[in-house]
Amino acid sequence: MNYTKEQEQAIFLRDKNIMVSAGAGAGKTRVLVSRMAELIMDEKNPVEADRFLVMTFTNAAAAEMKERISLDLEERLAKDPENHYLRKQIRKIRQADISTVHSFCNHLIRTHYNELSIDPSFRIGEEGELFLLRQQAIEQLLEEAYASGRESFVKFAESYAPGKSDKVLEELVGDLYRFSRSFPNASFWFEKTKQEALQLAEAKEWDNSPAVMLIFLKAKKELLQEKEALSKLLKNIAGEEVPEKYGVLLQDVSEYVEALSQTESYDAYYMVLSRGSVPAFPRATKKDKEWADYEIVKEWHQEVKELLQKQKETVFTAPAEELQREAAGIYPLLEEYIVLAQRFEEIYLAYKKEKNVYDFDDLEHFALELLVDHYDKGGQAYPSETAKTLAKKYKMIFVDEYQDTNLVQETILEMLSEKDNNTLFTVGDVKQSIYRFRQARPDLFLRRNEKYHNEEEGVSIELRDNFRSAPGVLCFTNYVFSRLMERDFGGVDYNEETALRAGEGGPMLEDKETSELLFFVKDSVQTLEEAPEDVVTETALITKRIQELIEEGYHYGDIVILLRSGAGRMEPMAEF
Ligand SMILES: Nc1ncnc2c1ncn2[C@@H]1O[C@H](COP(=O)(O)OP(=O)(O)OP(=O)(O)O)[C@@H](O)[C@H]1O
Ligand SMILES: [Mg+2]
C-alpha cells in the first residue's frame, strides 16, 4: 500500500506540531500509526515506544491501534530478525500509553492518589448508583436551601419553579452543574459569568454596551443577507414586466429593509422594527403565477417576513432601557443559581467520596488537579511539577478524533505539551463531531487548524482522498451533505474542497454501483398489502428490493442489512 504525497508529509515531517484534518476514510488513523512506527525506526532520532502518549476515543480504538502498530513492527522484525532494538520496542508497545483520555487519567490518579486525598481503591460507579447519589445530593441541597429561608432562594424558586414540585429546580441545578463541569476551572467561569451579568445590570449606557451591541450586530447581519438577496432579485427582474401589486410590495419591503439597515444601535433598530411590518403577500391570479419570477419573489418575501417576525418576538422585545431593568432584576437570581450549583457540586462530591465511587468527569477533574499548578487571573492554567515531569517523559503526543475533545481534555493536553520538548500530532474531522451534547468543542479543532494554517505553532495537513468507500457511496454522501452542512451548521462549508473524493488504490476501481434510496411514504401503505406497522412495512419494502436484486443475478451473500438497533427489528426481518 502506498502513501499519497500528503500522507507522506504527515508521516515524515519532524519537529513540528502537526494537525491532520480530513474526511472519513482518508487514512488519518493509518497515518498516525505509520508515523509512530517510523519514529521508532527513525535513523537519526529514534523514539522509543514508551515515549509516546496516544489518546484515542474508545478502548476498542486503543486496542486496535496497539494491534496495528505491533503488526507493523513484527513485519519489520521478520525482515530483520537480529534487530534487538526492534524486539524491545514490540515489547514496549504493549505497555505503552496508548489509551482513552479516561484510562490515562485513571492511571495517573492511581499513581498520584496521595496528592489528591482520595482512596486509591475507588471505582467508577454504575449509572444507576450515581443517579441515586445525585438524587440524595439534590435533596439535601434543597432541604438546606429551604431551611435557610434566604430571600434570593425563595425568589428563585418562585420565579422558575412555581407550584409544589421541586422537579424543575432539580433539573435546573443539574443542568448548570453539568455544563460547568466542562470547564477546567468552573469557579473561574462562574465568576466571569457573574461579572458579565453584573456589567449588564449596572451599565449606564445600555444601548452601547458590548453585549447589546453584539445582539444588534447579529440581527443586522441577518438582515443584510436578505437585503443582498433583494438586490440580486431586483437586478434579475429589471426590465421585466412585473405585475403591479408585486411591484408595490417589493417597493414597500425594500423601504422597510433599507430603513432597518440604516440603524446604528439596538434602540434605533427596535424603533424601526416595531413601527413597521412586512405586508402580506397579495393573492395571485392565474395570470400572476405565469410571471417567471413569481416563485422567487414569493420565497424571498416569506424569508424576510419570517426573519423579522422572529427578531421581533425573540430579540427586540422591548426598548433597551426596559431590558436593562429586567437584567438588573435577574442578577440576584443568577447569583443564587450559581450558589446552588456550586453547593450541589460540594455535596455530591462528598457523597461520592463516602462511597468511594466516581464518574468519568471526576477522573478528568482529578487529573487536572494533579497537572495544573494554578490558574492566572485570565483563567490560563499553568503546569504542575508532575505535569512537567510527564512532559519530559513524552516526546510525542498523539490524539485521534481530536474534533471531539472538550475543554477539560484540551487543558490536560496543554499541561502535557511543552514547547522545545515534545510535539503534538492531532488528527480529526470536524464534520464527524458527534459529542457536542457532552460538551465536545469542535471549535478547538477549528481554532488550532486555523493557527497551524497560518503556520503559527505548527503545520496543518489536509488529506483529500478517501480509501474506504466506493465512488457510488462517496458521491451519494457528498450529494446529501453538500445540501445539509454549512459553516454555521456543522462547522465547515461542505464544498468541493471538503467533499469526499475517491483515492487511487482504494476500492474505487472495482465498483460501478450507484446508491439508491427507498422511500416509504406512509399513505402508500396499502399498495404493499401489509399491516401499517412501520417496522413490518419497512421490512416488506426491503425484502421486495432484495428479491429483485436476486432476480437480477446477485447472491444473498452480496447483501448486508444494517439496523440502527436490533431490538424489535431483527425478528420481523428474520421472518421474511
Ligand atoms: N494511501 C492509501 N492507499 C490505499 N489505502 C489506504 C491508503 N491510506 C489509507 N488507506 C486505507 O483506507 C482505510 C481508511 O483508513 P483510516 O481508518 O486510517 O481512515 P480515517 O481517516 O482514520 O477514517 P475515520 O475518519 O473514519 O477515522 C483503511 O483501510 C486504510 O488502510
Ligand atoms: Mg480514524
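Residues numbered from 1 in each chain as written. Chains lettered and ligands numbered in written order. Predicted model: local features only at pLDDT ≥ 70, side-chain atom pairs only at ≥ 80, totals over all residues. Heavy atoms only, no water.

Per an unreviewed UniProt entry, the chain is named UvrD-like helicase ATP-binding domain-containing protein, and its organism is Anaerobutyricum hallii.

Asker: Run through the overall build of the chain, naming residues and quoting values.
Answerer: The number of helices and strands found in the chain is 22 helices and twelve strands. Taking contacts inside the chain between residues at least 6 apart in sequence as the whole, the part at least 24 apart equals 75%. For the chain, the computed accessible surface area is about 33700 Å², with 52% contributed by carbon and sulfur atoms. Averaging the coordinates of the 74 positive side-chain charges in the chain and doing the same for the 107 negative ones gives two points 3 Å apart. (Helix = DSSP H or I, 4+ residues; strand = E, 2+ residues; numbered from the N terminus. Contact = heavy atoms within 4.5 Å. Areas by Shrake-Rupley, 256 points an atom, 1.4 Å probe, with all protein chains shown as cover. Lys, Arg positive; Asp, Glu negative; His and termini not counted. Charge placed at Lys NZ, Arg CZ, Asp CG, Glu CD.)

Asker: Break down the side chain of K431 for me, with residues and values.
Answerer: Here K431 lies in the loop between β9 (423-428) and α19 (442-453). When sequence neighbours within four positions are dropped, the list of residues in contact with K431 reads G23, M485, V492, Y494 and T498.

Asker: Go over the pattern of salt bridges, please, and point to the residues and values.
Answerer: It is possible for side chains of opposite charge to pair when their charged atoms get near one another. In the structure shown here, the tally under the stated rule is 35 salt bridges. The closest approach of N and O atoms between K310 and E222, which form a salt bridge, is 3.7 Å. Of this pair, K310 sits in helix α14 (residues 294-315) while E222 sits in helix α10 (residues 210-237); the two residues are 88 residues apart in sequence, bridging distant segments of the chain. Residue K310 is classed as partly exposed on the basis of its relative accessible area, which comes to 41%. The partner of E418 in a salt bridge is K392, with the nearest N and O atoms 3.6 Å apart. On the criterion of sequence distance, the pair formed by E418 in the loop between α18 (407-416) and β9 and K392 in helix α17 (residues 385-393) is long-range, its members being 26 residues apart. Residue classification places K392 among the partly exposed positions, given a relative accessible area of 48%. Each of E48, D50, K88 and K92 takes part in a single network of salt bridges with overlapping partners. (Salt bridge = Lys/Arg side-chain N within 4 Å of Asp/Glu carboxyl O. Buried < 20%, exposed > 50% of the residue type's maximum accessible area, 1.4 Å probe, protein only.)

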